[in-house]
Structures are given as C-alpha cells and as structure tokens.
Amino acid sequence: QKDGSAGGTFSTSAYSSPAKSLGDPGITPLSPSHIVKDSDADVAVEQLFLVVVAIDFGTTSSGYAYSFTKEPECIHVMRRWEGGDPGVSTQKTPTTILLTPERKFHSFGYAARDFYHDLDPNESKHWLYFEKFKMKLHTTGNLTMETDLTAANGKKVKALEIFAYALQFFKEQALKELSDQAGSDFENSEVRWVITVPAIWKQPAKQFMRQAAYKAGMATPENPEQLIIALEPEAASIYCRKLRLHQMIDLNISSGLHLLPALYAINLFMISYSRTFLVENVIGEIWSELEEGDRYIVVDSGGGTVDMTVHQIRLPEGHLKELYKATGGPYGSLGVDYEFEKLLCKIFGEDFIEQFKIKRPAAWVDLMIAFESRKRAAAPDRTNPLNITLPFSFIDYYKKFRGHSVEHALRKSNVDFVKWSSQGMLRMSPDAMNALFKPTIDQIVQHLSDVFDKPEVTSVKFLFLVGGFAESPLLQQAVQSAFGSRCRVIIPQDVGLTILKGAVLFGLDPAVIKVRRSPLTYGVGVLNRFVEGKHPPEKLLIKDGTRWCTDVFDKFISADQSVALGETVTRSYTPAKPSQLVIVINIYSSEQENVSFITESGVKKCGTLRLDLTGTDASVPNRREIKTLMQFGDTEIKAIAIDVATSKSVKVGIDFLNY
C-alpha cells in the first residue's frame, strides 16, 4: 500500500480483517455513530470562562468585542480608537502592523500607520510595515508555518510571526480593557477567545490562525477549547437572526410603502439610495416574519473576500442549519483599490508606480488612505467629482523620474474622466469612480446568481448584506436590483460590526449551528480485495499470495454533504507490526463528490492523521485495533482515537499544515 507506507501502516478501515470486505466496492463506512455528549459535563466547562472575547481579524480593519458569560445579552464593542481617518468613522482599527528595524513589534493600527508615516524617508526604509496581509492565507496554495510576508520595503518576515504579533496586540488590549472594567487584573485563563475567518478558507489557513493564536498565548495545544475559530458569514447569520426590524435597513423600500403617507411615496425613489436610509420601524423581531423552516442567505462582503452562506431557521430555539456549502471568493473591496492602482499605472506608467511604492512607501500609504475616504463617498446618484489629494512626494518624485509634470502625464494619458485640479488633486468623475467598483461588484453579483440557481437555495426569504463593503451604496444598489425581486435585501445598521457581535454570540453558544455542509470530499487511501472486471488491472498488488487493489479512496465525507454537530465518522486502523508506535495516515481531499481512487485528477493529499501509540500498554493482543472518530460538523476538523482492547484514549493529531 503506497499510502501510509511511511510507518508501514496497514489500514483496514472499519474491519479487523480486510477479507470481510470481499467483493465490496470499497470498505463500507460504518453509519456515522452519534456521540451524545453528557449535557451536564458540557455546562461545567463553559462556566470556567468569565468572558468571551471575539476578534474580527479583517483584511482591511480589525476589532474585538466581548460579553460576560453572566450577562450574555450585553455585547461590548471595544473602546474607540485613537487616530482615525477623515471621512471614515469606525470602531475598528486598520489591520496594519509596524516592526522596528530589529524586527520587534512596535505598533498596530492607526498608531502603526501614523508612526510609519512620520518617519524620515531615509529611516522608514529600514522599518517593516505590513498591511492587507490576511489575504496571503487565502491565496497561498501550499501554506506552511514557514510562509513569508513581504513588508512595504520589500523585506520578508515569517507570516506566523506577524499574525501572532497582531493577535497578541488584541489579546493585550482586550485584557487591559477588561481589567479596567473589573478593577482588578483579568487573567487570560478566564477568557474564551473567538477568532473569525472566512468560511471559504481551507483547513490549513484555519489551522495556521490557531497556531498563531497559540504563539500569541491565547490558548495552548493542551487546552485547545479555549480558542474557537468562527466562520465570518456564520457569525453574521447568528447576529442577524436576533435582529429586530428597526435595527435594519430594508432595501425593498417598495414593500414598505404602505407604512408611509402618500406624500412621501413620490419622493421615495429619489432618496432611496442616498446616505440616509429609510428604516422600517416595526417593533418585534424579524422572526415575527420568519417561520419555522424559512431560508435566508448571508452575504459577508469584506475587504479581502466575499463569503456567503445559506441557512435555515429551526424554531423555537432558533438553531441554524446550513443548506449549501459556503462559497465565495476574493471579491472584497481590495479589488477596488487594485483597480485604482491599475488606473494610476495607466496614467503614470507601471514602472513609476512600482518604483514609487518601494522608494516612498509611506507616501504610497498616504495616497491609498486618501483614496479610501473618496471610495466611501462613491454612490449611484453622485454627480459631483471626487478629488483625491496626491502627496507632495508623488508629484515631486514623478518630476524627477520622468522629467515632466504630473499634469502633463494626465493630459497625455487619454484617460479623459480623470483630470488634474490646480489644488494638486486628481479629479475623478463619478463614472470613473464607479468604473473602479464595477469588476468587483460584477463578480459578487455573478457569484450570487450562481448560488441562487442551486436547488438548495430556492425560496430564500431574506438576503442579509453584511461586512464592511456592504456599507457601499454601489454594492447595495447592485445587489438590490439583481435580487430584490427574489427576496428581501436587508442590511443591519452597524453592518461593519455584525460579524464581531455574531462571533461573541457564537463563543457563548457554539452549538447554535447544528448542521453544516462539508466544503470538500475527504478520505484516505486503503487496500481492498481485488475484484476481476471491477478494479483496473494496473491497481493490482499481490502480497503474500493475496490479490489487493491499491489506492482505493475510502471516503469519510462528501463535498456538500450535510453533517450534524457532534456527528462522527468512525474507522479502525491496525499497526502493521506489533512494535509499531506511530501510525501515520495520509488524508486526501477533492472538490468532486464521487472519488474512487486517490490517484484521480483533482484528488490532493491535504493532511495527515497521526496516531501515537507510545505509552499505551504493550501487553495487549497482537492485532491492536485503534478506533478513530473524526468530526466534520464543526468549524474545524477534529479527531479522537481509542485503543479498543483497553478502551484507553490514544493521542491523535490531525494536521493540515505540516505534513
């Protein structure tokens, strides 16, 4: 057996002898056995934590919120930050981090940005400034603990260090705020931490986040329960189902017409997309309209990714069931920044922009901040131009680089909707700004259309638009005009904090989502008895006179299969030799639902399952059977293992990062 040969493992799946599976297409999986947890035991564990702190670690901005377990209905969002940008009011802080030239942590957020900005250009070359680095975990195909991030000055630092520094900063801020509130020092052991990640992230990225949190001292591998990884759209969904209608903005304004005097009806469409939203002030929960079994879709549009999940409500407790696997992609508001950068390259030349970013990194940061505040002013009905201030060093450096002025470049560039204004600004027409949004918004709408076409997604009643990018009137209008006829499009009021608040609720009650869908098909490679005419001849392996078929994919779970919380998939494995102390089994994944062999295209080795048999009693019978129970119904894949002969638990590790 090729697979697992490292330890000479001989996997016999759910049987102690492979002969029993004679004639079977694959080793038949046992029906998933449910482990019913002792509910009292669970409660005891929960009460150890005095507070739940959730960290929304975003691509562009981050923040934390918390709730004391004694008063769970009261969610506190972190104190307002010093700093802040003109035209951007926020309770979150930019996800930016600054290290000293000696690579030690210096500052985070506005503080990092302002300090970096105020450094002398010759000095700033040596400091390491990072922003928008979270996307690296999504875009890196072979993520490991060794993956690097590149600072603004081009130097590389291990991603794990940067993430750990950022999480440590939030840990310290939160503990300080909690200590101030409590009037005495708050211990880390009293806190349950929740970190949010996009639902479309693969297992390695989730595990990477967990490792960074361990490095930051939030929890330990011995006490993993202290940290929960929450999925962003799920957190948003948990929050949205608790919303009252007056806390939302309903974009299907027409449905609210009967609430308004006739007088306003005429004006309505003129003001429907302006900054002031019309809010239905209907008292009572949205569940007065949502009945048992109703379905809704949550679209979490952030800085880096857009992530969507489809949920069905189960009353009376309001438990949620996922109806379709989480989907999405890198369609966050960063796409708009990228289009702006492309526009600058078109006007001033790619060679200049590349050089400028390296030679004047702080001024480049300034320019993007100026763009950010104008980006937020873009709206469908805007008629007056948007002015973006060019930093002096941009104008100066361009003249040195090209030998002519910025003004000259604009005239020569044939980009007619961007003009030069005498106050040293780029003047963009609203159409020019809207064009920067278009590719990203089109991708979101297209992706949503594909999801709406899935049979599981029929008869969706509401679409909740959440996340920082959901504040954009352009995105709101696009989603409303594309899907307003199919369902009601609703935007919670503090849309940027939706995920944060939902993550706190999830930390207080992680069991609220009862059924999830597996994003991928997972399994292992095994040997089966060879069946003539059924198995391909090239898979034949003869061992001690027995004919085996190699590379058979033993499926644990299929892509988009629904799996309940606490439901386990059970397999038994036997060491090849009694003396063997470690069994290492390779885990494979595929996006396809039906996989027969691990050698098929699209099947990738994605991790390992490692059973550590040291320290278990050696006087057990020759053929030891190790029963492994894997859980796929949580936000992370987990495993436990038991030595059948002694009923003792066996140390088991499931690793998607270092295999």
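Residues numbered from 1 in each chain as written. Predicted model: local features only at pLDDT ≥ 70, side-chain atom pairs only at ≥ 80, totals over all residues. Heavy atoms only, no water.

A. Main features of the overall build of the chain. Helices and strands together make up the secondary structure of the chain, namely 16 helices and 31 strands. Buried residues in the chain amount to 53% of all 659 residues. Across the chain, every contact between residues at least 6 apart in sequence was considered, and the portion connecting residues at least 24 apart equals 71%. For the chain, the exposed area adds up to about 28,500 Å²; of that, 52% sits on carbon and sulfur atoms. (Helix = DSSP H or I, 4+ residues; strand = E, 2+ residues; numbered from the N terminus. Buried < 20%, exposed > 50% of the residue type's maximum accessible area, 1.4 Å probe, protein only. Contact = heavy atoms within 4.5 Å. Areas by Shrake-Rupley, 256 points an atom, 1.4 Å probe, with all protein chains shown as cover.)

B. Structural context of the packing of aromatic side chains. The tally for this structure, following the rule as stated, stands at 33 aromatic pairs. Ring geometry for F115 and W127: centres 5.1 Å apart, planes at 50 degrees, overall tilted. Placement of F115 in helix 2 (residues 110-118) and of W127 in the loop between helix 3 (121-124) and strand 7 (128-131) is noted, with a sequence separation of 12 residues between them. Take F115: its relative accessible area is 33%, and that puts it in the partly exposed class. The positively charged end of R529 is found above the aromatic ring belonging to W548, 5.4 Å away from the centroid. (Phe/Tyr/Trp six-rings, centres within 6.5 Å; stacked < 30°, edge-to-face > 60°. Lys NZ or Arg CZ within 6 Å of the ring centre and 35° of its normal.)

C. Representation of helix 14 (residues 430-452). With 23 residues, helix 14 should reach 33 Å at 1.5 Å per residue; the first-to-last C-alpha distance of 31 Å fits that figure. Along helix 14, the sharpest change in direction is near 40 degrees and occurs at K438; proline P439 comes one to four residues later. (Expected span 1.5 Å × (residues − 1). Bend = angle between axes of the 7 residues up to and from the residue.)

D. Molecular detail of the packing of helix 10 (residues 350-359) against helix 12 (residues 392-402). One can describe the packing of helix 10 onto helix 12 by two numbers: an axis separation of 11 Å at closest approach and a directional angle of 125 degrees. Relative to helix 12, helix 10 is oriented oblique. Crossing geometry of helix 10 relative to helix 12 is assigned as right-handed. Contacts between helix 10 and helix 12 involve D351, F352, I353, Q355, F356 and K359 from the former and S393, F394, Y397, Y398, F401 and R402 from the latter. Here the residues of the contact of helix 10 with helix 12 are counted per class, giving seven nonpolar, two polar and three charged. (Axes fitted to C-alpha atoms, helices over the stretch in contact; angles between N-to-C directions. Parallel < 35°, antiparallel > 145°, perpendicular 65-115°, else oblique. Left-handed = near helix turned anticlockwise from the far one by under 90°. Nonpolar A, V, L, I, M, F, W, Y, C, P; charged D, E, K, R; others polar.)

E. Quick peek at unusual backbone geometry. Backbone geometry places R103, a non-glycine residue, at a positive phi of 70 degrees. By the secondary structure assignment, R103 is in the loop between strand 5 (96-99) and strand 6 (105-108). Residue classification places R103 among the partly exposed residues on the basis of a relative accessible area of 34%. Even without a glycine there, the phi angle at D544 is positive, about 50 degrees. Note on placement: D544 falls in the loop between strand 23 (540-543) and strand 24 (546-557). What makes D544 exposed here is its relative accessible area of 79%.

F. Expanded view of the nonpolar core. Counting residues in hydrophobic clusters, the biggest one holds 145 residues, and the most contacted among them are F130, F163, F348 and L463. The dominant element in this core, judged by the number of residues it contributes, is helix 5 (residues 159-182), at 12 residues. Filtering out sequence-adjacent residues up to four positions away, L463 remains in contact with I297, V299, L448, F452, V479, F483, C487, R488, V489 and I490. With 29 residues, the next largest nonpolar core counts Y522, Y573, A639 and I654 among its residues. (Core = buried A, V, L, I, M, F, W, Y, C linked by side-chain atoms within 4.5 Å.)

G. Expanded view of helix 7 (residues 232-240). The buried fraction of helix 7 amounts to nine of the nine residues, a majority that puts the element mostly inside the structure. When we look at burial in helix 7, the residues that qualify are E232, P233, E234, A235, A236, S237, I238, Y239 and C240.

H. Representation of the sheet that holds strand 7 in the model. The strand order 6-5-7 describes an open sheet built from three strands, whose pairing is antiparallel. The two strands at the open ends of the sheet, each matched to only one other strand, are strand 6 and strand 7. Shown here is a sheet whose adjacent strand axes are inclined to one another by a mean of 20 degrees, direction ignored. As paired strands, strand 5 and strand 7 are joined by four bridges and run antiparallel to one another. (Pairing = 2+ DSSP bridges.)

I. How the structure looks around the pattern of salt bridges. Going through the model one piece at a time under the given rule, you end up with 23 salt bridges. Close ionic contact of E146 with K158 constitutes a salt bridge, the shortest N to O distance being 3.9 Å. Of this pair, E146 sits in the loop between helix 4 (135-139) and strand 8 (148-150) while K158 is found in strand 9 (residues 156-158), placing the two residues 12 residues apart along the sequence. Between K375 and E372 there is a salt bridge whose closest N-O contact spans 3.1 Å. Here K375 and its partner E372 are both found in helix 11 (residues 361-375), three residues apart, which amounts to about one turn of the helix. Take K375: its relative accessible area is 7%, and that puts it in the buried class. One salt-bridge network, in which partners are shared between bridges, spans K132, D337, E372, K375, R376 and E471. (Salt bridge = Lys/Arg side-chain N within 4 Å of Asp/Glu carboxyl O.)

J. Representation of the environment of V310 in the model. Within the secondary structure, V310 is located in strand 14 (residues 306-314). Look at V310 and you get buried, because its relative accessible area is 2%. Once the C-alpha coordinates of V310 and E456 are considered, the two residues, 146 residues apart in sequence, prove to be 8.7 Å apart. Other than its neighbours up to four places away in sequence, V310 contacts Y296, I297, K321, E322, L323, Y324, V451, V457 and V460.

K. Structural view of the packing of helix 5 against helix 6 (residues 203-215). In contact at an axis separation of 8 Å, helix 5 and helix 6 are set at 60 degrees when each is read in the N-to-C sense. Judged on the interaxial angle alone, helix 6 and helix 5 are oblique. In this structure, the crossing between helix 5 and helix 6 has a hand that is right-handed. Of the residues in helix 6, those touching helix 5 at A159, L160, E161, F163, A164 and L167 are F208, M209, Q211, A212, A213 and K215.

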